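Structure at a glance
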Amino acid sequence: MAPTLEAEASTQVDLDAPLHAAPKLVAPEPEHCPGPESKQAGLNPACAGCPNQTICATAPKGPDPDIPLITSRLSGVRHKILVLSGKGGVGKSTFSSALAWGFASNPDHVVGLMDTDICGPSIPKMMGVEDETIHVSGEGWSPVWVAENLGVMSVQFMLPNRDDAVIWRGPKKNGLIKKFLKDVEWGDLDFLVVDTPPGTSDEHLSVTSFLKEAGVSGAVLVSTPQEVSLLDVRKELDFCRKAGLRVLGIVENMSGFVCPNCKHQSQIFRATTGGARKLAKEEGIPFLGAVPLDPRIGKSCDYGESFLEQFGDTPTGQALMGVVQAVGRELGLDVEEVLPGN
Ligand code: SF4
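A quick note: this is a predicted structure, and the numbers were derived from the prediction, not measured. (Residues numbered from 1 in each chain as written. Predicted model: local features only at pLDDT ≥ 70, side-chain atom pairs only at ≥ 80, totals over all residues. Heavy atoms only, no water.)

**So, the overall build of the chain**
The helix and strand tally for the chain stands at 12 helices and 11 strands. Taken over 342 residues, the chain has a buried fraction of 52%. Taking as baseline every contact in the chain between residues at least 6 positions apart, the subset at least 24 positions apart corresponds to 74%. Just so you have it, the chain exposes about 16000 Å², and 53% of that area is on carbon and sulfur atoms. (Helix = DSSP H or I, 4+ residues; strand = E, 2+ residues; numbered from the N terminus. Buried < 20%, exposed > 50% of the residue type's maximum accessible area, 1.4 Å probe, protein only. Contact = heavy atoms within 4.5 Å. Areas by Shrake-Rupley, 256 points an atom, 1.4 Å probe, with all protein chains shown as cover.)

**Some words on the UniProt feature "binding site: [4Fe-4S] cluster 1" (unreviewed entry) in the chain**
Following the UniProt record, the feature "binding site: [4Fe-4S] cluster 1" (unreviewed entry) maps to Cys 33, Cys 47, Cys 50 and Cys 56 here. Over a stretch of 24 residues, the named residues converge on one spot in the fold, their C-alpha atoms separated by at most 10.9 Å. Considered against the largest cavity, the annotated residues that line it turn out to be Cys 33, Cys 47, Cys 50 and Cys 56. Within the secondary structure, Cys 50 is located in the segment before helix H1 (53-58). The exposure class of Cys 50 is buried, given its relative accessible area of 16%. For Cys 56, a relative accessible area of 9% corresponds to the buried category. (UniProt positions renumbered as here; feature names shortened; annotations may be inferred. 1 Å grid on protein atoms, 1.4 Å probe; cavity = no way out; pocket = protein on both sides within 12 Å on 5 of 7 lines; lining within 4 Å.)

**Digging into the site of the ligand**
What surrounds the ligand is a group of 13 residues, the closest being Cys 33, Cys 47, Cys 50, Asn 52 and Cys 56. Here the residues of the shell around the ligand are counted per class, giving 8 nonpolar, 4 polar and 1 charged. (Near = heavy atom within 4 Å. Nonpolar A, V, L, I, M, F, W, Y, C, P; charged D, E, K, R; others polar.)

**Description of the pattern of salt bridges**
Two side chains bearing opposite charge may form a pair once their charged atoms approach each other closely. Enumeration over the complete set of coordinates arrives at 15 salt bridges. The closest approach of N and O atoms between Asp 66 and Lys 182, which form a salt bridge, is 4.0 Å. Taken together, the positions of Asp 66 in helix H2 (residues 66-73) and Lys 182 in helix H5 (residues 170-183) put the pair 116 residues apart, joining distant regions of the chain. Both residues of the pair, Asp 66 and Lys 182, count as buried. Two residues, Lys 182 and Asp 183, come together in a salt bridge whose shortest N-O distance is 3.8 Å. Across the pair, Asp 183 and Lys 182 agree in class, each one buried. Beyond isolated ion pairs, a larger network of salt bridges with shared partners links Asp 66, Lys 178, Lys 179, Lys 182 and Asp 183. (Salt bridge = Lys/Arg side-chain N within 4 Å of Asp/Glu carboxyl O.)

The structure is reproduced here in structure tokens:
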């Protein structure tokens, strides 16, 4: 008989359970840990033999006192958007930065971009602020402002050396994300774009759980056209449904290549099974648009510049603007209000 993972099912995280304060542990959590903040902490059969068992079993199971702080800290943010992808390498961070630049191209908007990819933060480089440090005031940590109306926050600002690897276990990562949400003084924002790492990891769980009370407006899923990427998007969709996250829609990134010289369009990652458009139809979620590859996007990211500002009239620029409008539409906004004159 083929081995099954059924025995592990009891250690699955309960996404609906209210978050509890994490107890102080005497040893790292083992791999099969159901979560020291969970109702089952210390009582689950998977906890047998764990050095933390007594601490977890007797820790008060009251709600996490930081949740109301996070909720009040983010009370001035109108729309909180998570950017998710099932797989790495689909251009999620590039898309997150373009979405933030896109919203911020309307001077009436104030936009925040938060990088929760703790192990591979790339947003500071893409936004041209990688050498910045965070200012701390009595109000909290101030985001780094890359434009008058666009602020960025990333773990990279706290690392002594940008080439340092962040080798942290789940609780430490969760702690940092909580600190981001609790201590960053975003002020009043129209949009907060949250860039997440690929997959359905600790970071997703943390962001989703911590923001539940504050209210996430929805998630944008990013994929490339091939089935190998769409496969993982289906898992991400499942995660969103289980976590009660509204899906604003899916974007097909790297959807063809338009030569900047001759304008000829070719397919690099062929949509063998119909691509993201077909998946969106099957799953009953909005298709937000297809964004073709343009080598100048990579260059803009390397130089920390806004691709939309420089190449907004190219096919890729126009497609990205269309996606920004589509996200706005899904948020219930008037497209003219999101990007006037586009
Ligand atoms: S006792 Fe606590 S730390 Fe150990 S496995 Fe259970 S919940 Fe995790």
